[in-house]
Amino acid sequence: MEAATAHNEQHALALDQLRFGWDPASTLLHINQLSLERGQTLLLSGPSGSGKSTLLNLIGGVLQPRSGSIIVAGQTLSSLSTRQRDRFRAENLGIIFQQFNLLPFLSVVDNVLLPLQFAPQRRAASGDNPTQRRQRAEYLLDALGLQAEHWQRPSHRLSVGQQQRVAAARALIGAPALLLADEPTSALDPVNRDRFVDLLLAEANSSACAVLMVSHDPALADRFADQASLLDLGSTAQAA
Amino acid sequence: MRGGLTGFALRSLWNRRGSVLLSVLTLAITVALLLMVERVRMETREGFLRSVSGVDLIVGARGHPVQLLLYSVFRLGDATNNLSWESYQALAEHPQVGWTVPISLGDSHRGYRVVGTTAEYFARLGGGDGAAEFSAGGAFGETFEAVIGAEVARRLNYSVGTAIELAHGTGRINLHNHDDRPFRVSGILAPTGTPLDQGIYVSLQAIEAIHLNWRSGTRIGSAPDLDEAQLAALQPRSITAVFVGAQRRAAVFSLQRMVNGYRAEPLTGLLPGVTMQQLWQLTGGAETALRFASYALVGCALMVLLSGLLSTLNERRREMALLRAVGAGARHVFALLLVEALLLVLLALLLGLLLAIVGLLLATPWLHAQFGIQLREIWPGMTEMQVLLGLLLSGALVGLIPAITAYRRTLLDGLTVDR
């Protein structure tokens with residue numbers, strides 16, 4: 001699949017005139033223009049109900065926009081079939097949720113390795129054989145501040161902060177083009193939050209991965225290169 | 001995830017083993033029950049057929065063929081009428097008749113029926129394809145000798161040489177004993193799993209001899225002392241039934257017609273296979289009910305399994321969303337759920353098969369002692385394999401339900417579970 005290999009494209013993410021709504025009369029999400037280059041970081045704020053999970057599903061290729069275009073890693077999503085979008089998501093996106101990020105029946109390391117099951121290119125990028133890939137997962141866990149003693153534990157025995165580090169390692173393994181994080185720090189105390197975001201951004205930067213984080217927390221603002229409000233993205237452009 | 005899908009499903013199931021194991025056990029137990037019912041049913045039928053294999057025609061006094069079959073072969077109930085020795089001789093000398101084995105019933109020993117017959121009985125009604133085998137001793141030679149079936153020997157702990165007294169009538173407790181004429185056990189038959197095992201066999205002359213001083217069912221005085229030559233000359237006036245082998249198989253039907261239209265005496269001739277079918281039609285209702293009940297139980301257990309799978313789907317929505325987020329398609333979610341259900345059903349079937357085999361092994365002595373059913377084959381045959389295959393397919397169909405549900409739900413949920 002040629003489309004999935006477009007890692008060298010300038011844009012990790014480009015949204016243009018994006019509109020989404022189940023009902024044509026009401027628009028749930030409206031973004032005129034939004035773009036992220038590889039390695040760039042953006043903090044997106046927005047109140048509950050402003051369409052954050054809709055945006056996540058649109059970029060993930062699970063939902064289709066009513067109008068406008070979504071380009072991820074140089075690939076226009078609407079030109080891909082459903083199957084291709086699933087594969088494309090596996091290869092190009094790392095996603096961190098607010099909570100419940102791990103599969104309880106897999107070990108910590110196996111949770112990190114999970115996306116590689118669906119993404120042959122990321123698998124190849126993270127190591128030539130299972131041992132190398134395992135080492136890569138352990139390297140990322142270590143870089144994100146999770147000590148080796150936790151690596152073989154069942155994931156449900158970890159604290160929320162530790163679970164988020166595992167989720168970050170999973171999102172970054174195999175160097176996808178774009179990392180989407182949906183309020184990943186909302187359950188963390190300030191000290192852990194800052195450490196987590198710093199390590200996450202540093203590791204993303206080292207693999208030239210663009211980061212789009214959704215969060216209400218203004219304390220995080222100065223750690224990101226850019227900031228925007230989901231509400232403004234629609235109305236600002238309309239006013240302009 | 002193609003290669004890893006099964007392993008993935010296994011790990012997920014193992015994580016929920018507590019709740020899953022219970023429904024698997026339920027299914028396994030019902031499957032075992034079904035397999036055991038099928039096996040016992042088949043073995044019973046086969047045992048029935050075995051007990052008359054080689055016999056072409058059974059002749060008795062006029063009556064219902066099923067009743068004649070029951071008392072002559074299975075020693076159940078009593079004959080209402082006998083047939084005369086003259087009729088028997090006419091039959092035995094008929095050109096189309098190959099061999100005959102007469103039997104005379106009516107006496108018993110501690111609940112086991114006494115069969116007065118000829119030594120040819122052991123050659124013709126061996127309970128299998130050929131002659132009966134003796135595990136000890138041999139056929140009766142002198143008049144007051146008896147051959148006993150394997151079960152009689154085992155239950156009453158008799159051996160060759162043991163002296164036994166016969167009782168008049170077939171009740172378990174009997175006031176009228178032929179205690180003036182004790183018999184000596186001359187041989188013990190090898191077990192066959194047929195009614196052969198439950199009989200005591202003496203010569204027709206012996207039956208006559210012990211009834212010499214009997215009139216209308218009571219004993220008058222004591223039996224006259226006869227020497228062996230006089231005893232051998234005793235001829236029965238009537239017998240209970242005759243097993244007949246035809247000269248040629250094709251002659252069986254004309255023989256039956258001849259018997260049923262016999263002028264001198266009203267007789268009934270039955271074809272064992274045909275009458276066995278009639279008997280099964282009579283018992284078929286209970287049999288069908290039992291089978292239906294065991295299939296219904298398996299159906300219930302599948303429903304238990306299904307409700308277990310469906311009830312966890314809601315808790316697992318996050319798991320599915322997570323899988324979608326790391327790149328799984330809705331079809332992967334579908335396949336995962338289906339594979340999970342199939343693994344559970346497969347496990348339950350294997351467990352059920354194991355339980356059935358263990359159950360049959362344990363039940364064999366009891367079934368034999370209680371009902372005379374001998375299970376010759378305990379390992380599953382073609383029929384069981386077909387049943388298991390059918391159950392696996394039903395399991396797959398049941399597994400489709402949670403798989404489709406999860407598939408549709410995951411399309412709605414996408415990568416996030418908000419509600």
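This one's a predicted model, so the numbers in the text were calculated from it and none came from an experiment.

Enquirer: Would you mind going over the sheet that holds strand 4 (residues 67-72) of chain A in detail, with residue names and values included?
Expert: Residue and element names in this part refer to chain A. Taken in spatial order, the four strands of this open sheet run 2-1-4-5, and their pairing is antiparallel. On the outer flanks of this sheet lie strand 2 (29-37) and strand 5 (75-76), each paired with one strand and no other. Where strand 1 (residues 11-20) and strand 2 come together, eight bridges link them in antiparallel fashion. The residue bridging Asp16 from the neighbouring strand is Gln33, located in strand 2. Contacts from helix 1 (residues 52-59) reach strand 1, strand 2 and strand 4, with the element oriented near 120° to strand 1.

Enquirer: Tell me about the interface of chain A and chain B, and please be specific about residues and values.
Expert: At the junction of the two partners, chain A supplies 24 residues and chain B supplies 24 residues. Interface of chain A and chain B: buried area, both sides summed, is about 2,300 Å²; carbon and sulfur atoms make up 65% of it. Our count for the chain A to chain B interface comes out at two salt bridges. Residue B:Arg11 pairs with A:Asp110 through a salt bridge whose shortest N-O separation is 2.9 Å. Put simply, the parts of the chain that give the side of chain A that touches chain B at least two residues each are helix 1 and helix 2 (82-92) of chain A. In terms of residue count, the dominant contributor to the side of chain A that touches chain B is helix 2 of chain A (four residues). Per-class residue counts for the side of chain A that touches chain B are 14 nonpolar, five polar and five charged.

Enquirer: Kindly report on helix 13 (residues 382-413) of chain B, identifying the contributing residues and their values.
Expert: When the terminal C-alpha atoms of helix 13 of chain B are compared, their 46 Å separation across 32 residues agrees well with the 46 Å that a helix rising 1.5 Å per residue should span. Of the positions making up helix 13 of chain B, those classed as buried are B:Glu384, B:Val387, B:Leu388, B:Leu391, B:Gly395, B:Val398, B:Gly399, B:Pro402, B:Ala403, B:Ala406, B:Thr410 and B:Asp413.

Enquirer: So what about the pattern of salt bridges? Which residues, and what values?
Expert: What the rule picks out here adds up to 26 salt bridges over all chains. The shortest N-O distance in the salt bridge between B:Arg324 and A:Asp86 comes to 3.1 Å. Here B:Arg324, found in helix 11 (residues 317-325), pairs with A:Asp86, found in helix 2, and the two come from separate chains. Across the pair, exposure class does not vary: B:Arg324 and A:Asp86 are buried alike. For the salt bridge of B:Arg41 with B:Glu287, the shortest nitrogen-to-oxygen distance reads 3.5 Å. Here the residue B:Arg41 occupies a position in helix 2 (residues 17-51), and B:Glu287 occupies one in helix 10 (residues 272-315), the gap between them amounting to 246 residues. Overlapping salt bridges, with partners in common, bring together A:Arg193, A:Asp194, A:Asp198, A:Asp217 and A:Arg223 in one network.

Enquirer: Kindly report on the sheet that holds strand 3 (residues 41-45) of chain A, identifying the contributing residues and their values.
Expert: Residue and element names in this part refer to chain A. The sheet built from five strands is open, its strands ordered 6-7-8-3-9 with parallel pairing. The sheet terminates laterally at strand 6 (93-96) and strand 9 (226-229), the two strands that pair on one side only. Taken pair by pair, the neighbouring strands of this sheet meet at an average axis angle of 15°, ignoring direction. Bridge analysis of strand 7 (residues 178-182) against strand 8 (residues 210-214) gives five bridges, and the strand direction is parallel. Pairing of Ala181 across the sheet is with Met213, part of strand 8.

Enquirer: Go over the side chain of B:Ser23, please, and point to the residues and values.
Expert: Residue and element names in this part refer to chain B. Within the secondary structure layout, Ser23 lies in helix 2. The class for Ser23 is buried, based on a relative accessible area of 8%. Contact partners of Ser23, with chain neighbours within four places excluded, come to Val304 and Leu305.

Enquirer: So what about the domain arrangement of chain B? Which residues, and what values?
Expert: When the parts of a complex come together, some accessible area is lost, and that lost area is often used as the size of the interface. All names here are of chain B. Examined at the domain level, chain B breaks down into domain 1 (4-48 + 284-415) and domain 2 (57-270). With centres defined by C-alpha atoms, the gap from domain 1 to domain 2 works out at 51 Å. Contact residues are listed per partner, giving seven residues for domain 1 and nine residues for domain 2. A combined buried area of about 640 Å² lies between domain 1 and domain 2, and 45% of that area is made up of carbon and sulfur atoms. Between the two partners, domain 1 and domain 2, sit zero salt bridges. Taken together, the links from domain 1 to domain 2 amount to zero residue pairs in polar contact (both at pLDDT 80 or more). Of all the secondary-structure elements, those providing two or more residues to the side of domain 1 that touches domain 2 are helix 2 and helix 12 (330-371). Counted by class, the side of domain 1 that touches domain 2 contains two nonpolar, four polar and one charged residues.

Parameters at a glance
- Residues numbered from 1 in each chain as written.
- Chains lettered and ligands numbered in written order.
- Predicted model: local features only at pLDDT ≥ 70, side-chain atom pairs only at ≥ 80, totals over all residues.
- Heavy atoms only, no water.
- Pairing = 2+ DSSP bridges.
- Helix = DSSP H or I, 4+ residues; strand = E, 2+ residues; numbered from the N terminus.
- Contact = heavy atoms within 4.5 Å.
- Axes fitted to C-alpha atoms, helices over the stretch in contact; angles between N-to-C directions.
- Buried area = accessible area lost by both parts, 1.4 Å probe.
- Salt bridge = Lys/Arg side-chain N within 4 Å of Asp/Glu carboxyl O.
- Nonpolar A, V, L, I, M, F, W, Y, C, P; charged D, E, K, R; others polar.
- Expected span 1.5 Å × (residues − 1).
- Buried < 20%, exposed > 50% of the residue type's maximum accessible area, 1.4 Å probe, protein only.
- Domains from an automatic or database assignment.
- Polar contact = N/O pair within 3.5 Å; in protein donor to acceptor, adjacent residues only side chain to side chain.

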